[in-house]
Each structure stands twice: as C-alpha cells, then as structure tokens.
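# Inside the fold
Residues per chain are reported as follows:
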Amino acid sequence: MEGLEEIKKLLEEHNQSHILKYWNDLNETQQKEFLVHLHSIDFKEALFLWQKAHEDLLKSHTIGPNDFGPIHLQIQKDLPPNVLEEYRKIGYEEISNNSVGVVVLAGGQGTRLGMPYPKGMCPIGIPSGKTLFQLQAERIQRLIVLAEMHTGRKGVIQWYLMTSEATDMLIVKFLEQNNYFGLEKENVTLFKQANIPCFDLEGKILLEEKDAVATAPNGNGGLYQALKDQGILEDMDRKGVKYVHVHSVDNILTKVADPVFLGKCIRDHIDFGMKVVRKRDPTEPLGIVVKINNENRVIEYNEIPKKSLRSDMVCNTGNICNHFLNASFLRKICTDHLGDLKIHMAKKTVSQVGPEGDIVRPSSANCIKLEKFIFDVITFSQNLLIWQVERSEEFSPIKNSDVSQKDCFATAKRDLIALHTSWIEAMGGKCPAEGMEVSPLRSYDGEGLVDVGGREFTQFELLSSEEEEKENKKEKIILLS
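Please read all numbers here as calculations on a predicted model, not as lab measurements.

### Some details on the overall build of the protein chain
Helix and strand counts for the protein chain come out as 14 helices and 21 strands. Compactness check: the protein chain gives a C-alpha radius of gyration of 24 Å against a globular reference of 23 Å for 481 residues, within 12% of the reference. In terms of principal-axis extent, the alpha carbons of the protein chain reach across some 75 × 55 × 45 Å. By residue count, 55% of the 481 residues in the protein chain fall in the buried class. Of the contacts formed within the protein chain by residues at least 6 apart in sequence, a portion of 76% connects residues at least 24 apart. Of the accessible surface of the protein chain, which amounts to about 21,900 Å², a share of 47% is contributed by carbon and sulfur atoms. Separation between the mean location of the 58 positive side-chain charges and that of the 70 negative ones in the protein chain comes to 3 Å.

In structure tokens:
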C-alpha cells in the first residue's frame, strides 16, 4: 500500500514500530485512513518533546527551598481609587481605539465536570441559565458601552477562542446558534490548538484504537504555536490589536478585558502581566510566581519543594491563568522563542489497546501527556507585572464536579451570587437570603446600579438590563444535544 513502507521505516527509526502491531487486523479502508492519520503526526517532533520534557523535569528536581526568592508584587486593593480610575480611563481609551483583543483558552472538555459539552457551554445553575461563554461575551458588550460612555467613541473588542480538536465543532455550532451572544460575527474568531501524541511511562506512543494513536491538546502554552500557524497574529495586525488579554474559560468571575488591568499595563509599558490571588492554603493546586536564582518563574503546584509549602511567599502569588501581553511581545514569543518553552509532563489515565487487542482503561496512571504552559514566557519578559487581585471579586474556577464540593458549579454559582449581591447591597438595595444575579449587560463591575437603592428584592432572581427585559433573552440560550 502506498506510503506504508515509508511509515514503517519512520517508526523503526524512532523505536515506535509497535504502532503497526494490529495492521493486519484492519480492513483496507481502515488501513488507508490509518496511514493518513500517521502521516499527519510529526514523530520526530514528538520524540524531541519527550526528551526535552525529561530534561526540563530533571532541572525542576534540582530546585531547593533555598533557591526561592520573593517576586515584586503589586496589590490592587492597596491603591487609592483615583489611581485605579486613571488606569480604567486608559483601558477605556484603548477599547474605543479598537486596540484590545481577548483570547479565551477554550479547549477544555467538561468530562471531569460530568458534562458532555466543552466547559464554556456547560450550564452553571445560575438563575439566568447563562453559560460561561455567554457571561464572557456579555461582559465584552458591556465594556464597549462603558468605554463609549467615557470617550464618546464606540470601539470593538476582538474575541478569539482557542479550541481543540475535541471541542471546535461543538463551540462553532453553539456560538452560531446563539448568534454569538450579541457580538458581531466578524469580531469573533476561532482557532484550534494542536494535538500531540500521548506516551506510556516508558516513552512508547500509545494506541487508543488499533488504527488510532492516542493524542491530546498540547497545553495552553500551545497558544503561541497556534497563533503563528493559523494566521491569528496577522489577523490581529490587520484589525489593529495592540494589547491582548488571555484567560482560561472556566473562571466564572473573570473580568474580561479588565480596563483597570489593561490601563495599568499600558501606562507602565508592561510586556507580560499576570493576575494572581492569595491562595486559600499552601496546598491549593495553583502554581506560584517566584524568583528562582534571580530569574522570574512560575512553578506548578506539584513542583513546589515540600519544605517551601508553608512559606507565606508561596501563598501570595497563586497563578489564575489571567494574562496581559502586548502585541510586540506576543509576536516575539511566536517568532523567536517557540522552541524555548518548557515541556511539562502530566500523568493521566487513558483508555488504550491492551495486549489482546481489546480496549482497556487502567486503574492507575498509564499515560504521560506533554504540555506547554502559557506562563512560561515569563522568563522572556523585560517588563513584568504581577498584579494581586481579590479572589472574591475575580477568581472562582470550575475544575471539578459538584461531588467534590470544591472549585465546582456549586461554588462558582455561590461566589458569583455573593459578588452580585454585594454590588446591590452597596447601593442600598436589599436582597433575599439566597442573593441575586446581575446581568453583565446591566453591570460589569458593580456600576450602573444606582436605581436599586432602597429597593427590596423578595426572591432569588436575575437583575436584567433593559434590553434583556424587552427581548426576554434570559430563556433563549440554546444547548446542543
């Protein structure tokens, strides 16, 4: 069969001949499709990443507690209101100048959450029925309105969503069916991160089927390669995007394109900015930002030396995957440093072809997934900002199912309702014991609620914008079956 000998030779050269073990069990159609699949995989690159991951792991093991040093940290709540307002105005100016783009890291599936949808599409359980995607899109809409109110010019925020092979088509259909939640289609761009092969614990590439190599997304640090390969950098240039906010999809409290954060970074000519929170406790699974041998680094929670876990320094800079990058720095990473990013190894349990050719799911970790992380560009930053924000206002991730009772739908709903309730009560409104939800189209950060002063709400409900009430939008979300 055409192409078979070439693949055999390639696999032999890389000590991966086992991939063709079940070749004779396949019919001709399956064989042809499998060859196409194998030709699409860069085995040389995959093996290079495997080797680099081991080298990077050995380096991380040499880090001791005495190598850690404190990072220069700026705490938002310590700044006076007039300074924060100055930053906010700068952010509004750039939004009105069409200079701001937002990238959502949306490749994650809802499997761990017990959902068949990508994370951004999962119902959260809030009164409006809104999903993470809808909340984020509506925050963008509200920001554009606020910026126009302050500058007199209506701008545009470009919305980019990085999907994965597993989530792309579902997200495309979801956004189309929901009319991009009020955003203009031409201002919404989707692009896919790459998949790379999964390895067993000995460095052999795994088969998930007799005719399919097991692959997985290459981590949120795959963003940089995807931006370059899929023309997104050029798209940003054409649209005049100078400043980019990147955030994970699963944080219900994300301040999308936060004008204060943007303004601070723009005024101070920051090339890479990171929002952090104080960790709940030293063992919370958040990476930390520190200096190691005088170099700025982000250390994943499972790489922190145990002797350092009780350090107050470890608690101050919990990384929440919320970043600012100016376009020139982003372009430099994508052109000059793609091969320099660290490769991280994560042990997982995945289904694979067993010794008898059947599909098995081991009871313990059998797989190494190789990942790049977005934050590892910190080492190339010439002007870094570490910006500590309040967890109650900006960070409540959805990582687990409600069974865990931690970082799940229930806690995210609780935290969103608590924040919105605090907004209403700060204006003199009275909320029921269950709290209230405020539509992002009504208020981005507690503004626009003067009229609730003196009002008493008697039931747990959504406080909508006038447009929502007129169009009765809150029941119109469409979920794919």
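After that view, the rundown keeps rolling.
### Here's the deal with the pairing of strand β13 (residues 295-299)
Burial analysis of β13 places 4 of its 5 residues in the buried class, the great majority of the element. Strand direction decides the pairing type here: strand β12 (residues 288-292) and β13, joined by 5 bridges, are antiparallel. Across the sheet, the residue bridging to Lys291 is Asn296, located in β13. The turn joining β12 and β13, which pair antiparallel and follow one another in sequence, is formed by 2 residues; a positive phi near 50° is taken by Asn293.

### Remarks on empty space enclosed by the protein
The rolling of a water-molecule-sized probe over the atoms marks out the regions of remaining empty space. The final tally for this structure, using the stated rule, is 2 cavities of 30 Å³ or more. Its volume calculated, the largest cavity comes out at about 110 Å³. Element by element, the count of residues in the lining of the largest cavity is highest for helix α13 (residues 409-426), at 4 residues. Of the residues belonging to the lining of the largest cavity, the class tally is 8 nonpolar, 3 polar and 3 charged. Counted as a void, the second largest cavity has a volume near 40 Å³.

### A few points about the pairing of strand β10 (residues 243-248)
Side chains on a regular strand alternate between the two faces of the sheet. Of all 6 residues making up β10, 6 are buried, and the element is well covered by its neighbours. Because side chains alternate across β10, one face comprises the buried residues Tyr243, His245 and His247, and the other comprises Val244, Val246 and Ser248, equally buried. Bridge count between strand β3 (residues 100-105) and β10: 6 bridges; the pairing is parallel. Residue Leu105 lies in a different strand from β10, and its bridge partner there is Ser248.

### Considerations on the environment of Lys372
Positionally, Lys372 belongs in the loop between β18 (367-371) and β19 (384-388). We classify Lys372 as buried; its relative accessible area is 16%. With 260 residues separating them in the primary sequence, Lys372 and Arg112 have C-alpha atoms 21 Å apart. Ignoring sequence-local partners within four residues, the contact set of Lys372 consists of Leu49, Asn218, Gly219, Asn220, Gly221, Gly222, Leu338, Leu341, Lys342 and Ile343.

### Details of the pattern of salt bridges
Summed over the entire model, instances satisfying the criterion amount to 29 salt bridges. Where Lys119 meets Asp250, a salt bridge forms, and the shortest distance between an N and an O atom there is 3.1 Å. Of the two residues, Lys119 is situated in the loop between β3 and α5 (132-151) and Asp250 in the loop between β10 and α9 (259-267); the sequence distance between them amounts to 131 residues. Using a relative accessible area of 16% as the deciding quantity, one classes Lys119 as buried. For Asp250, a relative accessible area of 4% corresponds to the buried category. Note that Arg455 and Asp451 form a salt bridge whose closest N and O atoms lie 4.0 Å from each other.

### Digging into the packing of aromatic side chains
To describe a pair of aromatic rings, one takes the distance between the centres and the angle between the planes. A full pass over the atoms with the stated rule returns 9 aromatic pairs. With a centroid separation of 6.2 Å and 45° between ring planes, the pair formed by Phe133 and Phe174 is classed as tilted. Of this pair, Phe133 sits in helix α5 while Phe174 sits in helix α6 (residues 168-177), placing them 41 residues apart in sequence. Each of the two residues, Phe133 as well as Phe174, counts as buried. Ring geometry for Phe373 against Phe375: centres 5.3 Å apart, planes inclined by 45°, an arrangement best described as tilted. With a relative accessible area of 5%, Phe375 lands in the buried category. Taken together, Phe133, Phe174 and Phe181 form an aromatic cluster joined through their ring pairs.

### Remarks on the state of the cysteines
Tallied over the full model, the rule gives 0 disulfides. Its sulfur unpaired, Cys265 is 15 Å from the next cysteine sulfur, which belongs to Cys321. Note on Cys265: relative accessible area 1%, which makes it buried.

### Overview of unusual backbone geometry
A positive phi is found at Asn293, a non-glycine position, where the angle reads about 50°. Within the secondary structure, Asn293 sits in the loop between β12 and β13. Phi at Asp407 is positive, roughly 50°, even though this residue is not glycine. Residue placement: Asp407 occurs in the loop between α12 (391-394) and α13. The class of Asp407 is buried, set by a relative accessible area of 11%.

### Digging into the side chain of Asn322
Relative to the elements of secondary structure, Asn322 occurs in strand β14 (residues 318-326). Residue Asn322 is classed as buried on the basis of its relative accessible area, which comes to 1%. Only 2.7 Å separates the side chain of Asn322 from the side chain of His245, close enough to count as a polar contact. Setting aside its immediate chain neighbours within four residues, Asn322 contacts His245, Val246, Thr254, Phe261, Gly273, Met274 and Lys275.

Criteria and thresholds
- Residues numbered from 1 in each chain as written.
- Predicted model: local features only at pLDDT ≥ 70, side-chain atom pairs only at ≥ 80, totals over all residues.
- Heavy atoms only, no water.
- Helix = DSSP H or I, 4+ residues; strand = E, 2+ residues; numbered from the N terminus.
- Rg over C-alpha atoms; globule rule 2.2 N^0.38 Å.
- Buried < 20%, exposed > 50% of the residue type's maximum accessible area, 1.4 Å probe, protein only.
- Contact = heavy atoms within 4.5 Å.
- Areas by Shrake-Rupley, 256 points an atom, 1.4 Å probe, with all protein chains shown as cover.
- Lys, Arg positive; Asp, Glu negative; His and termini not counted.
- Charge placed at Lys NZ, Arg CZ, Asp CG, Glu CD.
- Pairing = 2+ DSSP bridges.
- 1 Å grid on protein atoms, 1.4 Å probe; cavity = no way out; pocket = protein on both sides within 12 Å on 5 of 7 lines; lining within 4 Å.
- Points joined across faces, edges and corners; volume = space filled by probe spheres on them.
- Nonpolar A, V, L, I, M, F, W, Y, C, P; charged D, E, K, R; others polar.
- Salt bridge = Lys/Arg side-chain N within 4 Å of Asp/Glu carboxyl O.
- Phe/Tyr/Trp six-rings, centres within 6.5 Å; stacked < 30°, edge-to-face > 60°.
- Disulfide = S-S within 2.5 Å.
- Polar contact = N/O pair within 3.5 Å; in protein donor to acceptor, adjacent residues only side chain to side chain.

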